[in-house]
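Here are the chains, one letter per residue:
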Amino acid sequence: MADPHTRTGLVGTGILATDATGALIVRRVLLRVVSGDDRGTEKLLEGGTVTIGSHADADLTLRDKAVSRYHAEVALLSDGVRVRDLESTNGTFFGSSRIESIVLTPAAEFKVGRTRIEVLPADVPAPDVPSEATRFGPLVGSTPAMRGLFGVLERIAATDVPVLLEGEAGVGKSEAARAIHDASLRKEASFAVLDAGSSMPEGGVAETFRVATGGTVVIDRIDQVSAPLASELVRVLEAVERGELDVRVIATSRTDLRARVEAGAAPRDLYFHVASVRFVIPALRDRKDDLPRLIRELAGRLGHADFNLTPEELAPLRAHDFPGNVRELVRHLEQSFAVDPRAGGGSSSGAAERPAEPGESPPAAEPADYSGVPFKEAKERLVDAFERQYVADLLERHDGNVSRAASEAGLDRNYLSRLAKKHGLR
């Protein structure tokens, strides 16, 4: 199992995190001796661990005779600083309490032997480096908002730092979570999704994490978690933090989870376990200049690689707010192609006949002509068309969550997944 302290960030440079304003920072702490013969001695902790003791090989060597050779260990974590006693003779103390292990939030102070040591924040702003790429996994865009997002995603994918993805329904949170996993060193391992908004059997959280050992667990809809499930999640996430479970954690939320915490509507301890790096995926209305590129990409995935729209045809799309975001745009294109399956190749410009405007019901498609088509083939075509529309509507109602959709339809989850893949819906 990998060392949990070296897995959670960028060793040697600090841990990527976001501050209270949402700005990306490099988290570091300064250890400063404030009493005894070594008063004024400092040690910058940028990642991994620092050992404190009287031995010359300790990272922070003290002359205090009450300090053991290897007395304590300090580790920089995504949610604070862990101080752990190394079975010292005279103990490690926080306040008046002797501790074995404790996670402190800077600024704080602890004592080894007769020496007091401060833990001070030394965070620095992370450099703002927009990506040169116009895509990250299935996410596409070239606007400053998306290139800035891709720059963050590229950096955090190389780490194991816990990530909280926030954004409205349909912006691509699930796609971003999968893309982070696929760009990480864990890409060959398990990728599991835990729906925090649904009920789970007792022990279900621990079992999900156990099965995903070495891989990634996405906690979906964490803003809708119940109190009992939140308590179980905290216990499991503490085991991850201690290195007892080797899992990378990504959470998704439609709402501002910090605001819910401050309002008392969400557990504070759960938030700090998942929100080391927290960012919001932009709504489609805030990146309208990505529409041409996004439409070409989505049309290609739907089997219409040559599809394009003229500026006049794009105008109503640019004027629409897209409350359903990219998911709404996908459905709009699906409806347009259902009206004219040949869309994309019927004009010299490569544009389709005018698609239905957003929010407008598309004109009814002409009944299919099965003249001369064998019964078996005609039946297969009709069943395929029904399947695709049924599964698309089902997944739309459940925001793409296969488990909830399968439950409503009375279908096996794996069977529904196969249907969705068969019809290009996942």
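First, a word on scope: everything that follows refers to the structure included in this document.

Conventions adopted
Residues numbered from 1 in each chain as written. Predicted model: local features only at pLDDT ≥ 70, side-chain atom pairs only at ≥ 80, totals over all residues. Heavy atoms only, no water. Phe/Tyr/Trp six-rings, centres within 6.5 Å; stacked < 30°, edge-to-face > 60°. Buried < 20%, exposed > 50% of the residue type's maximum accessible area, 1.4 Å probe, protein only. Lys NZ or Arg CZ within 6 Å of the ring centre and 35° of its normal. Core = buried A, V, L, I, M, F, W, Y, C linked by side-chain atoms within 4.5 Å. Helix = DSSP H or I, 4+ residues; strand = E, 2+ residues; numbered from the N terminus. Pairing = 2+ DSSP bridges. Axes fitted to C-alpha atoms, helices over the stretch in contact; angles between N-to-C directions. Contact = heavy atoms within 4.5 Å. Polar contact = N/O pair within 3.5 Å; in protein donor to acceptor, adjacent residues only side chain to side chain.

1. Topic: the packing of aromatic side chains
1) Next: Considering all chains together, one arrives at one aromatic pair under this definition.
2) Next: Ring plane angle 80 degrees and centroid distance 5.2 Å describe the contact between Tyr271 and Phe272, whose orientation is recorded as edge-to-face.
3) Next: Tyr271 sits in the buried class, given a relative accessible area of 3%.
4) Next: Lys111 extends its terminal NZ or CZ atom over the ring of Phe93, reaching a point 5.7 Å from the ring centre.
5) Next: Sitting over the ring of Phe191, Arg178 keeps its end group 4.4 Å from the ring centre.

2. What about the nonpolar core?
1) Next: Formed by 48 residues in total, the largest nonpolar core has its most connected members in Phe110, Ile117, Leu153, Ile156, Ile180 and Phe279.
2) Next: Here this core gets seven residues from one element, more than from any other, and that element is helix H2 (residues 144-157).

3. Regarding the sheet that holds strand S19 (residues 216-220)
1) Next: An order of S18-S19-S20-S17-S21 is seen for the five strands of this open sheet, with the pairing classed as parallel. Each edge of the sheet is formed by a strand with only one pairing partner; in this case those strands are strand S18 (191-195) and strand S21 (277-280). Across the sheet, the mean angle from the axis of one strand to that of its neighbour is 20 degrees, orientation sign disregarded.
2) Next: The sheet contact formed by strand S17 (residues 163-166) and strand S20 (residues 248-253) spans four bridges and is parallel. Within S20, the residue paired with Leu164 across the bridge is Ala251.

4. Some remarks on the environment of Ser253
1) Next: Structurally, Ser253 is set in strand S20.
2) Next: Separated by 87 residues in sequence, Ser253 and Glu166 place their C-alpha atoms 4.8 Å apart.
3) Next: Ignoring anything within four residues of it in the chain, the contact list for Ser253 reads Leu164, Leu165, Glu166, Gly167, Lys173, Ile222 and Asp223.
4) Next: Reaching out from Ser253, the side chain makes a polar contact with the side chain of Asp223 at a distance of 3.5 Å.

5. Describing unusual backbone geometry
1) Next: The linkage connecting Pro106 with the following residue, Ala107, adopts the cis geometry, with an omega of 0 degrees.
2) Next: Within the secondary structure, Ala107 is located in the loop between strand S11 (101-104) and strand S12 (108-112).
3) Next: Although it is not a glycine, Arg221 sits at a positive phi angle of roughly 55 degrees.
4) Next: Position of Arg221 among the secondary structure elements: in the loop between S19 and helix H5 (227-241).
5) Next: When its relative accessible area of 14% is taken as the criterion, Arg221 is described as buried.
6) Next: The residue Phe322 is not glycine, and still its phi comes out positive at about 50 degrees.
7) Next: Turning to its location among the elements, Phe322 is positioned in the loop between helix H9 (311-319) and helix H10 (325-339).
8) Next: Classification of Phe322 by relative accessible area gives buried; the value is 0%.

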